[in-house]
Each structure stands twice: as structure tokens, then as C-alpha cells.
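# Architecture and fold: a report
These are the residues of each chain, in order.
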Amino acid sequence: MPRLRLHRMLHTGLCNMGFAGGCPGGVPLLVVTGQLRDDTRRPELRAYDAGGHLLWRDAFAEDTGSVAMGAEPHILTLDDGRPVVAHTVAHRASGEHGLLRVLDAFTGDEVWRASTGSIYGGNRDIHCVDLDGDGRSEILAGYADRLTCYRAADGAAMWSRTDRIAVCWGRSAILDVDGDGMPEIILGTEYANPHGTSSIFALRGDGSAAWELDGIEGDCGSTPVHSVTLGDGNLRLLKTEIDLEGRGPVHMARLWCLNAQGGKLWALDFGCGDIALADLDADGTPDAVGITSGRDGGHVPPAVRCANLTDGHLAWEIPLARHWLTGWPATLKGEGGEYAVLLHGNPSGYGRRPGTDSWGELLLVGNGVVHQIIEFPDWPVCAKVFDWNGNGGQDVIVSCGDGHVYFYALDGR
């Protein structure tokens, strides 16, 4: 039976919200953002090496007073080959404009900063890509009220789109959906239309609209866009809709499947805050699997649910004893096949279910079976799978609100 084995714990002292990791230039690097677990609740950004040693900590919050940091830093590579860390901050208390900051990945020194154009920062939506085909990279950042494109070399703003943009906790996808060799930006919005509905957009590299699907009743701005190519060779775009405001029934928390032109193929009442894409049944086609959300799932019961992506039917579900807020899942490939790493729990801070104690769980899920449940004292926010030590293996890395990052290896088949 496959099992995840804990082989390292890193104490950060932060209520961890998200992290970035990899081996830029062949050097393992882990960058964590969160709030200090003390009375100050001050946000910090910290970088660690493979031995868990602190390389640098960002003191920006100490220098400027009360700020909010984006929930997930990003390790990017500029055109000159330099690895950097990009993240956002917001000065909500003072009313100043937020900032997108780019730091040297190994020293924490600031390379450049640029205004977000509003009091808001962002959370998860930062990309480094050549959007206009000139051979030079841009950095694209999504905020709570706009999407802005910057020149990656120096942070000069190139364009900004505010029309019905509300990305919040979501993450866009950058891919060529029309086959012209140029990337498009696919994103969802959070109740940003007249009458309070949401949309899924495709934008060209200059920010102009390619297509849009309007009139979605729930929130499409708080979840990532996923893409997958099925056996017919055609691209599918997937977006989980959530019932962020608790407005009503299950059909405000659907899993949407669109074609490359933005046409709706199907929408399944699903109730999951996010999905992992994994070929659980080894038939050569990925499945979408997630945990239903007690907070945002449209009043669905606790369960692990799996959707068949070919036609959008519910393939199976496994009842659970409890649920509340889902974390960011991951897909793990082992010798015995693919597995989904799913997270959920009740935070001690933001998003906590009133009057209840914090808790968290990681579920290792196969085809119609939960192989393992690992418990945490707080909400496990984010799971990622990558080769942490550069030795060809895979680590499952989980950040948790208890102030630790957990490292797991897959044992058994």
C-alpha cells in the first residue's frame, strides 16, 4: 500500500500561507510567506536552503508598518538567467498603493518594485512569460481589481486591465488556445459582473479580450485555471466555481469544462474548492479529484469526489467525517501509478469556522480509495511535489498554519 513517510519538519515560526520551491541554478531553495505566530502577526518572507538553514528574511514589513503579503511567492527566471522571487504587498491600513516586488532569490536583495495601481496586492497569480512575442519576458500579476503586465527586466508597466477583473485567490493559466503560436491568458473573476455574476475570460498578450463566458452564478476568481489534453487531442480548460458568499445550492459550486474557444462542454455540480488532475485508474486519461468544501461548496456533504473529464459525470465519491476549507492539492507519480494529494481543514486564523478548534488533514487518494490520512493541528494550506534535493526523487512538501513545513517521501506501491 502506498504511504507517505515524514522525513523532515522545518520550523518557520510563520502561519504559513504558501511557498515556492525548486532548484534554480541547481541550488535547492524554499521560499515561505506567512504571518509570525506571535502578538505582532507581522507578515514575513523567508528563504531556506536544502539543510533547512535560513538564507534570508525579508524585513520590508518592519520598514513600512502594517502590510499584507500575498499568499504565495514565486521563483522566476529573468532573461539574463538570474533567479528571482516575486511577491506582492498591500498597504490596506494606510491607503497607499500595493507593490509587486522582485527580489534576488539567493540574497533577498530587491531587484525592482512596481505599484499595483491600487490599494490591493495579489495572492497567487504571478507569471514570467513572453506575452508579445518580442523575445523578452514580461511579468503578469493578477490583483483583486486588475491584471497588470510589467517588463520583467525593470518593472515598467506595459498595460493594465480593470474591466470586471477580480482575481483574488485565483491563478490564471498562460497557454496558446487558438493555435497561433502566441500565448493567451485564461482567468476567472469573482462576482465582478453587473448583477453579481462571474466570468471566465481569455485575453491576448496585450490585454485585449479573445473570448469570455459570462453569467456564472458562483465565484470563479478564487480558484486556479487547469488545462488538460484528452485522448481526442483537444484542449480542455477546467475551472472550479465556489459559493464564496454562501448564496445557495450546489449549482453555485460547479466544475466547469470549456473548449479552447471558451465554449461550455459541461458543468458538474461538484462542491470542491480545487482539484488535482491525476490518472487514478491508469486508463491514460486524467481524472479531476478534490475534497468538498464546507465553507464554499454550496452546502454539500463531506466527501472526496472524482469527475470523469471525458463527459463530466461523477465517477465516484468517498464520504468523509468532516470538512471545511480546502487547501491547494498536488499530483504525485509513483511506480504504482498516480495519486492525488488533497488537503483540507479548519484554520486557526483567516477562514476559521467560528467557535471551533483548528484541525487539518492530508489525504493520499487513489482510484476510489483513500490510502492514507495524515492529521495536522492546523489547516494545511499548500502541497507541492518536486525534487527538493536534486537527486531524482520526489518530495511531497506541505505548508501548514502551525508554523511548520512538512517533507514526505512516498513508500510502498
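As a reminder, the structure under discussion sits directly above these lines.
Residues numbered from 1 in each chain as written. Predicted model: local features only at pLDDT ≥ 70, side-chain atom pairs only at ≥ 80, totals over all residues. Heavy atoms only, no water.

### What about the overall build of the protein?
Scanning the protein from N- to C-terminus turns up one helix and 34 strands. Relative to the 2.2 N^0.38 estimate, which gives 22 Å for 413 residues, the radius of gyration of the protein is 20 Å and therefore close to what a compact globule would have. Viewed in the frame of its principal axes, the protein has a C-alpha envelope of about 50 × 45 × 45 Å. Here the analysis covers contacts within the protein between residues at least 6 apart in sequence; of these, 49% occur between residues at least 24 apart. When the accessible area of the protein is evaluated, it comes to approximately 15,500 Å², of which 48% is carbon and sulfur surface. Side-chain charges in the protein split into 33 positive and 55 negative, and the spacing between the mean points of these groups amounts to 4 Å. (Helix = DSSP H or I, 4+ residues; strand = E, 2+ residues; numbered from the N terminus. Rg over C-alpha atoms; globule rule 2.2 N^0.38 Å. Contact = heavy atoms within 4.5 Å. Areas by Shrake-Rupley, 256 points an atom, 1.4 Å probe, with all protein chains shown as cover. Lys, Arg positive; Asp, Glu negative; His and termini not counted. Charge placed at Lys NZ, Arg CZ, Asp CG, Glu CD.)

### Considerations on the side chain of D104
Position of D104 relative to the elements: it lies in strand β9 (residues 96-104). Within the buried core, D104 has no salt-bridge partner, and the shortest N-O distance to an opposite charge, that of R82, equals 5.3 Å. (Buried < 20%, exposed > 50% of the residue type's maximum accessible area, 1.4 Å probe, protein only. Salt bridge = Lys/Arg side-chain N within 4 Å of Asp/Glu carboxyl O.)

### Quick word on the sheet that holds strand β1 (residues 3-11)
Spatial strand order, β1-β34-β33-β32: four strands in an open sheet with antiparallel pairing. What marks the edges here is a single partner per strand, and that holds for β1 and β32 (380-386). Within this sheet the neighbouring strands show an average axis-to-axis angle of 25°, counted without direction. Bridge count for strand β33 (residues 395-400) against strand β34 (residues 404-411) is four bridges, and the pairing is antiparallel. Bridged to V398 within β34 is Y406. (Pairing = 2+ DSSP bridges. Axes fitted to C-alpha atoms, helices over the stretch in contact; angles between N-to-C directions.)

### Examining the packing of aromatic side chains
On inspection of all chains with the given rule, the structure shows three aromatic pairs. Seen from their ring centres, F376 and Y406 are 5.1 Å apart, and the 70° between their planes marks the pair as edge-to-face. You can see F376 sitting in strand β31 (residues 369-376) and its partner Y406 sitting in strand β34, a full 30 residues away along the chain. Neither F376 nor Y406 differs from the other in exposure class; each is buried. The cationic tip of R124 hangs over the ring face of W328; the distance from NZ or CZ to the ring centre is 3.8 Å. (Phe/Tyr/Trp six-rings, centres within 6.5 Å; stacked < 30°, edge-to-face > 60°. Lys NZ or Arg CZ within 6 Å of the ring centre and 35° of its normal.)

### Things to note about the pattern of salt bridges
Applying the stated rule across the entire model yields 23 salt bridges. R101 is the partner of D58 in a salt bridge, and the nearest nitrogen-oxygen pair spans 2.8 Å. With a gap of 43 residues between them, D58 in strand β5 (residues 54-58) and R101 in strand β9 connect regions that are remote in the sequence. Using a relative accessible area of 6% as the deciding quantity, one classes D58 as buried. Across the pair R322 and E361 runs a salt bridge whose closest N-O atoms are separated by 3.2 Å. Of the two residues, R322 is situated in the loop between β26 (314-319) and β27 (325-326) and E361 in strand β30 (residues 359-366); the sequence distance between them amounts to 39 residues. Assessed through its relative accessible area of 9%, E361 is described here as buried. Among the charged side chains, a network of salt bridges with common partners joins R161, D163, R164, E212 and D214.

### Side note on the nonpolar core
Ranked by internal contacts, the top residues of the largest apolar core, which has 21 residues, are F19, L30, I397, V405 and F407. Of all elements in the fold, only β2 (14-22), β3 (29-36), β32 and β34 reach the threshold of two or more residues within this core. When neighbours within four sequence positions are excluded, I397 is seen to be in contact with F19, C382, A383, K384, F386, W388, V405, Y406 and F407. Counting residues in each nonpolar core, the second largest holds 17 residues, with L362, I374, A383 and V396 among its members. (Core = buried A, V, L, I, M, F, W, Y, C linked by side-chain atoms within 4.5 Å.)

### A word on the pairing of strand β24 (residues 287-291)
When you tally the buried positions in β24, you get five out of five residues, the bulk of the element. Neither face of β24 is open: one carries D287, V289 and I291, the other A288 and G290, and all of them are buried. As judged from the five bridges shared by β24 and strand β25 (residues 303-308), these two strands associate in the antiparallel manner. Residue pairing for β25: I291 is matched across the bridge by V304.

### A few points about a nonpolar patch on the surface
Taken together, the side chains of V27, L55 and F106 present a nonpolar region at the surface, about 220 Å² in accessible area. Position of F106 relative to the elements: it lies in the loop between β9 and β10 (110-115). By relative accessible area, F106 is classed as partly exposed at 32%. (Patch = residues over 30% accessible without salt bridge, like charges linked within 9 Å, V, L, I, M, F, W, Y side chains within 5 Å.)

### A short note on unusual backbone geometry
Residues other than glycine seldom take positive phi values, yet R164 does so here, at roughly 60°. Judged by its relative accessible area of 22%, R164 is partly exposed.

### Concerning the environment of L14
Looking at where L14 falls in the secondary structure, it is placed in strand β2. Using a relative accessible area of 0% as the deciding quantity, one classes L14 as buried. Beyond its immediate chain neighbours, meaning those up to four positions away, L14 contacts V32, T33, G34, Q35, L36, R37, E44, R46, C400, D402 and G403.

### Some details on the sheet that holds strand β12 (residues 138-142)
Spatially, four strands are ordered β11-β12-β13-β14 in an open sheet, and the strand pairing comes out antiparallel. Among the strands making up the open sheet, the edge pair consists of β11 (126-129) and β14 (157-161). Shown here is a sheet whose adjacent strand axes are inclined to one another by a mean of 15°, direction ignored. Of the strand pairs in this sheet, β11 and β12 are connected by four bridges, and their pairing is antiparallel. For I126, the partnering residue across the bridge sits in β12 and is A141.

### Thoughts on the pairing of strand β19 (residues 225-229)
Relative to strand β20 (residues 235-240), β19 is paired through five bridges, and the arrangement is antiparallel. Across the sheet, the residue bridging to H226 is L238, located in β20. Turn length for the β19-β20 hairpin, with the two strands adjacent in sequence and antiparallel, is five residues, and the turn residue G233 shows positive phi of about 80°.

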